[in-house]
Amino acid sequence: MHEVRIHGRGGQGAVMASGILAAALVKEGRHVMAIPAFGFERRGAPVVAFLRFDDRPIRRITNIYAPDTVIVIDPTVARSIDVFAGMKAGGTLVQSTKRAVSDMALPPHLARVATCDAVGIAMSIFRRPITNTIMLGAFARATGRVGVDSLVAALEDTDFRDAGLKQNIEAVRRGFDETEITQLAVQAA
Amino acid sequence: MSQAAALSRDSRTLVIDGNEAAAWGAALSRPDVVAVYPITPQSSLVEYLAKFIAEGKMDAELMDVEGEHSVLSVLHGACLAGGRTYSATSAQGLAYMFEPYFRTPGLRLPMVVSLVTRDSVTPCCVWGGQQDAMTVKEVGWIQMYCETQQEICDSIPIAYKVAEHADVMLPVNVCHDGNYLSYGVARVDLPEQEVVDAFLGEKNVNWHACLDPERPMAVDPLTGGAGGAGPSMFVRYRKGQCAGMSAALDVIVAAHEDWGRRTGRYWSPLIEEYRMEDAEVALVTIGSMTGAAKDAVDEARLDGRRVGLVKIKTFRPFPAKAIAAALSKVKAIGVVDRAVNFGWNCGPVFQEVLAALYALPVRVPLVSFIGGLAGADITPEHFARSIADTIRLAAGEQVSSPVWLNEFDK
């Protein structure tokens, strides 16, 4: 079982991203359980979504407390909350940022960091900082646990209210192509 | 990669949340009239229904009325006119619906209404819990609680089959947990429309009373009182309701069996027994908490603990005989509730299980666990503690009851 936690801000589509990723994983034959954490959802407030997937049916319908991978689709939300809380040793961070990994404050037990200037890409595709599908491409590149083609197929099944399917497909592909991966020397947690 | 990799785009496998699964279950059952008023965490369910109707996926009259009292009142009219009816509500919406809700079973109206269960205010909260459904357990509706998104989708056609059965003729609440199931996304295999059509058969919703201007009839005349034929007639009505409830147990079993034959999905109709064969202690669960509890049972089994689990699907009518039989051999029982019984200072399911066990020749100790209130999570770790407490109880130790599972969450 692989557990993912997605951090973002209200309005950026973190919950929608978890649903698209779940659909893509099902297309690859996985079993999934995606749960949005809930509060009084407000635009701009920190938002969390959980996703677990496995080759076997998943029975537990609970939140995630020890993720293998953390996806942070907003460059500043880590200032407001601890995005590394409970993270397993040897895990992967997929971070929306244009900063260098050497400038980031990272916990010692992280194995891999994937960075993507998702806001820059979003401004060129959508003219708005909507980073969710870009960061799914980054997740695919960083972990290899889902294929870009499956993400695109999942997008084709998604009902986009205001942004076009074509733009989101470009977003996933650019997220995949423009993600840089840094391996870290893991220290014991 | 498993067989699912071969799925084509027009396949009937969806990756959806529990509210959309309920909307699909309703759509596949072809109701004639759907009346709705939105309330958290049910809102997206009725939005899906409106969308399905707008897109022509569902051929039903959508009545977007001004509140839940009107929702159920207009459905009374539609159902009395012979229509198949559907709605969904939660918590305060159910409270506002209560006046017609209270009348529905007495009118013998075979409706299906999803309860997207939510804790009740006050303290103010808008999140999951089963306090709403448990508060109305004595009104006379059948109640079935779902464990997964797939079970929600499948249980709605099953509910119509039960409700409309000539021996039952009672309304059914298909309950699914707010938040964890309503918004939780998983894979759902949609049954084919032809399969559901064949399962439900020719629509004959309301054969016993039908509003028809050509053939006027009085419905629900004044009865009861202390003179003449009133008292005996009132007793006849009440006994009829009780007979319908009692008959529902067998009908629920048969309907689930029939559904299983047609879809390959055999859901446990009344209760599910999990690893109970040689169990020395048992947990009793209800609803979406069950998956995490099964994971905890497996963990305890790896440690050599002989633990089993009994999940309740049908809560009304209460499957007392099945519960007593399933729990007849264990040394202690822990019942996990997602609601509070204020009158007995325990969980409501606990109180029901306690009553059912009176039929056993031996007295089995029980402990009440209450968790998952107002959206709180019940994790495998919470269940591991519940199992440990129940084992201590079996060993003759005192365990103070109820145990509030989330009391010390941080």
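Since the model is a prediction, treat every value here as computed from it, not as a measurement. (Residues numbered from 1 in each chain as written. Chains lettered and ligands numbered in written order. Predicted model: local features only at pLDDT ≥ 70, side-chain atom pairs only at ≥ 80, totals over all residues.)

Observations concerning the overall build of chain B
Note the following rule: Under the scheme used here, helices are H or I runs from DSSP no shorter than 4 residues and strands are E runs no shorter than 2 residues, and both carry numbers assigned from the N terminus. The globule rule used here is 2.2 Å times the number of residues to the 0.38 power, and the radius of gyration it is set against is calculated over C-alpha atoms. Working definition of a contact: two residues with C-beta atoms, positioned from the backbone, lying within 7 Å.
The number of helices and strands found in chain B is 13 helices and 15 strands. Relative to the compact-globule value of 22 Å for 410 residues, chain B shows a C-alpha radius of gyration of 21 Å, a close match. Along the first, second and third principal axes, the C-alpha atoms of chain B reach 70 × 65 × 45 Å. Considering only contacts in chain B between residues 6 or more positions apart, those separated by 24 or more positions represent 79%.

Let's talk about the overall build of chain A
The condition that has to hold: Three exposure classes are used, all based on how many other C-beta atoms lie within 10 Å of a residue's own C-beta (placed from the backbone): buried at 20 or more, exposed at 12 or fewer, and partly exposed between those limits.
Looking only at helices and strands, chain A features five helices and seven strands. When the elements of chain A are put in sequence order from the N terminus, they spell out β-α-β-β-β-β-β-α-α-α-α-β. In terms of overall dimensions, chain A is globule-like: its C-alpha atoms have a radius of gyration of 15 Å, near the 16 Å expected for 189 residues. With respect to the three principal axes, the spread of C-alpha positions in chain A is 45 × 40 × 35 Å. Out of the 189 residues in chain A, the part that is buried amounts to 49%.

A word on the packing of helix H7 (residues 149-163) of chain B against helix H8 (residues 193-200) of chain B
All names here are of chain B. Keep this limit in mind: Helix axes use the C-alpha atoms of the stretch in contact, all axes being lines fitted to C-alpha atoms, and the angles between their N-to-C directions lie in the range 0 to 180 degrees. Any angle that falls under 35 degrees is termed roughly parallel, while one over 145 is termed roughly antiparallel, one within 65 to 115 roughly perpendicular, and all others oblique. Handedness of each helix crossing follows the sense of rotation of the near helix against the far helix: counterclockwise by less than a right angle gives left-handed, clockwise gives right-handed. Think of it as three bins: nonpolar holds Ala, Val, Leu, Ile, Met, Phe, Trp, Tyr, Cys and Pro, charged holds Asp, Glu, Lys and Arg, and polar takes everything else, Gly as well.
At a minimum axis separation of 10 Å, H7 and H8 run at an interaxial angle of 20°. In terms of axis orientation, H7 runs roughly parallel to H8. Crossing hand, H7 versus H8: right-handed. Note on element contacts: H8 touches H7 through Val196, Phe199 and Leu200, opposite Pro157, Tyr160 and Lys161. When its residues are assigned to classes, the contact of H7 with H8 shows five nonpolar, no polar and one charged.

Digging into the pairing of strand E8 (residues 185-189) of chain B
Residue and element names in this part refer to chain B. What counts here: Strand pairing requires that DSSP identify at least two bridges connecting the strands.
Burial runs high along E8: four of the five residues are buried. Pairing analysis gives five bridges linking strand E1 (residues 13-17) to E8, with the strands arranged antiparallel. Directly across from Val15, in E8, lies its bridge partner Arg187.

Re the interface of chain A and chain B
The partner chain B presents 26 residues to the 19 residues of chain A that form the contact. Mapped by element, the contributors of at least two residues to the side of chain A that touches chain B are helix H1 (14-27) and strand E2 (31-36) of chain A. Top element by residues in the side of chain A that touches chain B is E2 of chain A. It accounts for six residues. Classifying every residue of the side of chain A that touches chain B gives 10 nonpolar, five polar and four charged.

Some details on the sheet that holds strand E7 (residues 172-177) of chain B
Note on sheets: strands pair through backbone hydrogen bonds, and any given pair is parallel or antiparallel. Residue and element names in this part refer to chain B. The sheet built from seven strands is open, its strands ordered E3-E2-E4-E5-E7-E6-E12 with mixed pairing. The sheet is open, and its two borders are formed by strand E3 (61-64) and strand E12 (314-316), each paired with just one other strand. In this sheet, neighbouring strand axes are inclined to one another by 20° on average, regardless of whether the strands run parallel or antiparallel. Pairing between strand E2 (residues 33-36) and E3: four bridges, direction parallel. Pairing of Val33 across the sheet is with Glu61, part of E3. Across the sheet, helix H3 (residues 68-80) lies against E2, E3 and strand E4 (85-89), angled at about 165° from E4, the strand it touches most. Strand contacts of H7: strand E5 (112-117), strand E6 (142-145) and E7, with the helix running at about 165° to E7, the strand carrying the most contacts.

As for the nonpolar core
Selection rule: By convention in this section, buried Ala, Val, Leu, Ile, Met, Phe, Trp, Tyr and Cys residues joined through C-beta atoms within 7 Å make up a nonpolar core. The split into domains, and so the bounds of each, comes from an automatic or database assignment of domains.
If you look at the biggest cluster of nonpolar residues, it comprises 190 residues, and the most contacted ones within it are Met135 of chain A together with Val162 of chain B. Counting residues per element, this core draws most heavily on H1 of chain A, at 10 residues. For this core, the domains that each give at least three residues are domain 1 (11-200) and domain 2 (271-404) of chain B. Leave out the neighbours within four places in its chain, and Met135 of chain A touches Ala17, Ile71, Ile73, Val94, Ser96, Cys116, Ala118 and Gly175 of chain A.

So, the confidence of the model for chain B
Residues and elements named next belong to chain B. Rule in force here: Values of pLDDT, ranging from 0 to 100, describe the predictor's confidence in every residue of the model.
Confidence in the prediction of chain B, expressed as mean pLDDT, is 95, and 97% of residues score 70 or more. Across residues 1-10, where pLDDT falls below 50, the model places 11 contacts with residues more than four positions away in sequence or in other chains. Interface scoring of the predicted complex returns ipTM 0.94; its pTM is 0.95.

Things to note about the environment of Leu151 of chain A
All names here are of chain A. With respect to the secondary-structure elements, Leu151 resides in helix H4 (residues 148-156). Linking Leu151 and Thr133, residues 18 residues apart in sequence, is a C-alpha distance of 8.9 Å. Not counting the four nearest positions on each side in its chain, Leu151 is found in contact with Ile20, Ala24, Leu136, Gly137, Ala140, Val146 and Val172.

Thoughts on the pairing of strand E6 (residues 110-116) of chain A
All names here are of chain A. Alignment of strand E5 (residues 91-96) against E6, held across six bridges, turns out to be parallel. Within E6, the position partnered with Val94 by the bridge is Ala114. Summarising the sheet, E6 and strand E7 (residues 179-183) pair through five bridges and their orientation is antiparallel. For Arg112, the partnering residue across the bridge sits in E7 and is Gln183.

Here's the deal with the domain arrangement of chain B
Size of an interface: often given as the accessible area lost when the parts come together. Residues and elements named next belong to chain B. In terms of domains, chain B is made up of domain 1 (11-200) and domain 2 (271-404). Summarising the inter-unit geometry, the C-alpha centres of domain 1 and domain 2 are found 27 Å apart. The interface of domain 1 with domain 2 comprises 21 residues on the first partner and 20 residues on the second. Taken together, the elements giving at least two residues each to the side of domain 1 that touches domain 2 come down to helix H6 (131-135), E6 and E7. For the side of domain 1 that touches domain 2, the leading source of residues is E6, giving four residues.

Things to note about the environment of Val330 of chain B
All names here are of chain B. Turning to its location among the elements, Val330 is positioned in the loop between helix H11 (320-326) and strand E13 (332-337). Val330 sits in the buried class, given 20 other C-beta atoms within 10 Å. Residues Val330 and Pro365, 35 residues apart in the sequence, show an inter-C-alpha distance of 9.5 Å. In this structure Val330 touches Ala279, Glu280, Val281, Ala282 and Val364, once residues within four positions along its chain are discounted.

Quick notes on helix H9 (residues 230-263) of chain B
Residue and element names in this part refer to chain B. To keep it simple, the criterion reads: The span one expects for a helix is its residue count, reduced by one, times 1.5 Å. At any given residue, the bend is defined as the angle formed between two axes, one fitted to the seven residues that end at that position and one fitted to the seven that begin there.
The terminal C-alpha atoms of H9, which comprises 34 residues, lie 48 Å apart, in line with the 50 Å expected from a rise of 1.5 Å per residue. Of all the bends found along H9, the most pronounced is centred on Ala248 and spans about 35°. For H9, the full list of buried residues reads Gly244, Ala248, Leu249, Val251, Ile252, Ala255, His256 and Trp259. Against E6, H7, H8 and E12 lie the buried residues of H9. Count one or two residues on from H9 and you reach Gly264, which has phi positive near 80°.

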